[in-house]
Amino acid sequence: MHPLEQLRDDALRDIESARDEQALEATRVKYLGRSGSVSSWGEQMKTLGKEERPIVGKLLNETRNAVAAAIEQRAGKLRSQKETEALEKIDISLPGTPSERGSLHPLTQMLDRSIDIFRRMGFALADGPDIDDEWHCFDALNTPPEHPARNEQDTFYLPDGRLLRTHTSTVQIRAMQAAPPPMRVIAPGSCYRRDEVDATHSAQFHQIEGLYVDEKVSVADLKGTLEFFMREIFGPDTLVQFRPHFFPFTEPSLEVYVKSKALKGGEQWIEVAGCGMVHPAVFEAVNKARGDKAYDPEKWTGFAFGLGMDRLAMILFDIPDVRLFAQNDLRFLRQFA
Ligand code: PHE
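No experiment lies behind these values; they were computed from the predicted model shown.

(A) Main features of the site of the ligand. Near the ligand there are 14 residues, and of these H167, S169, R193, Q207 and G306 occur at the shortest range. Here a nitrogen atom of the ligand and a side-chain polar atom of S169 are 2.9 Å apart. Between R193 and the ligand, the recorded distance is 2.9 Å, taken from a side-chain N or O atom to an oxygen atom. Here the ligand, which alone exposes 320 Å², has 90% of that area covered by the protein. Of the residues belonging to the shell around the ligand, the class tally is five nonpolar, seven polar and two charged.

(B) Main features of the packing of aromatic side chains. In this structure the tally under the stated criterion is 12 aromatic pairs. Plain terms: the ring middles of F118 and F229 are 4.6 Å apart, the flat faces sit at 10° to each other, and that makes the pair stacked. In this pair, F118 is assigned in helix 5 (residues 106-120) and F229 in helix 8 (residues 219-234), connecting sequence segments 111 residues apart. Taken individually, F118 and F229 each receive the classification buried, so the pair is uniform in this respect. On the numbers, 6.3 Å between centres and 65° between planes, the contact of F325 with F332 is edge-to-face. Like F332, F325 is buried. An aromatic cluster is built from F118, F123, Y212, F229, F303 and F305, whose rings are joined through pairwise contacts. The residue whose ring lies beneath R243 is Y257, and the NZ or CZ to ring-centre distance is 3.6 Å.

(C) Representation of the packing of helix 5 against helix 8 in the model. Helix 8 packs onto helix 5 with a crossing angle of 135° between their chain directions and a minimal axis gap of 10 Å. If you check the angle between helix 5 and helix 8, you find them oblique. Like other packed secondary-structure pairs, helix 5 and helix 8 cross with a definite hand, here right-handed. On helix 8, the residues touching M110, R113, S114, I117, F118 and R120 of helix 5 are T225, F228, F229, E232 and I233. Partitioned by chemical class, the residues of the contact of helix 5 with helix 8 number six nonpolar, two polar and three charged.

Reading the values: the criteria
Residues numbered from 1 in each chain as written. Predicted model: local features only at pLDDT ≥ 70, side-chain atom pairs only at ≥ 80, totals over all residues. Heavy atoms only, no water. Near = heavy atom within 4 Å. Polar contact = N/O pair within 3.5 Å; in protein donor to acceptor, adjacent residues only side chain to side chain. Areas by Shrake-Rupley, 256 points an atom, 1.4 Å probe, with all protein chains shown as cover. Nonpolar A, V, L, I, M, F, W, Y, C, P; charged D, E, K, R; others polar. Phe/Tyr/Trp six-rings, centres within 6.5 Å; stacked < 30°, edge-to-face > 60°. Helix = DSSP H or I, 4+ residues; strand = E, 2+ residues; numbered from the N terminus. Buried < 20%, exposed > 50% of the residue type's maximum accessible area, 1.4 Å probe, protein only. Lys NZ or Arg CZ within 6 Å of the ring centre and 35° of its normal. Axes fitted to C-alpha atoms, helices over the stretch in contact; angles between N-to-C directions. Parallel < 35°, antiparallel > 145°, perpendicular 65-115°, else oblique. Left-handed = near helix turned anticlockwise from the far one by under 90°. Contact = heavy atoms within 4.5 Å.

Worth remembering: the numbers are spatial, not functional.
Structure (structure tokens):
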């Protein structure tokens, strides 16, 4: 074996056993560096005879090439080994950063369920502004100027005379102004009263107004509609009671009470709505505003109701204090997620 071949074999062995890039570089210098063993063979070439020179020259080239190629190969291997090790340090089994999952507010849930039930009975959605005028809130609803509900103690008035609506019944008027009968709408929304805030009273609360005007609409239709609604919400065993009451804009007027064993405090009648047959004076006020006789009280009759959504949600979800709805306490809200 020629010493160059021996040198090549030694180099290849060294290269193969280089454990990292530093060791490999040291090996490269040892063999191919300026004073490395392969390079010093180049120096020795000059001392060789004419015959020997080309043979050794070829061998030297082959050796240099073989060593260089082996170094490059080894370098590639070490590089990919390093990358693999780095990747292995990333623990892909670690759970990611969880994103917060929101949920619907209990009042929104209550509202969605209620709207759903009325839609199945053919009611369309109507809407009106939270800031309205006295006429829509009171006058058109047959509520005279001296009525206590119009008192500054009860209602939030704006400097320009407008007010925060005290009930959603304003939308009855707006819906009838906008379209002739037959009419079957519900109007969910906020209402405002100057109530002393406590566990059952809030200055802002929520109602669903209902209005159904057609030929021959009767109290039986009203009772059937609300009984069906209450049983859908509170369960089939729910008892529904209608008690005589007074509202200026309905005649007769009724209050709706529910009782259900399925509910906490199930032995108690709880008031959940006001309702009645639309007062002819309301139709007349609408006609006057419309400038026609579209809501002729001789031809059309109707019922209206106002459901207290906060009350319904408090009963259904067993919530003891109405103030919880507006406090944004996640400990409370998460229970309805
Ligand atoms: N607007 C009444 C209230 O807020 C409820 C009601 C609506 C009563 C429609 C009769 C008809 O108390």
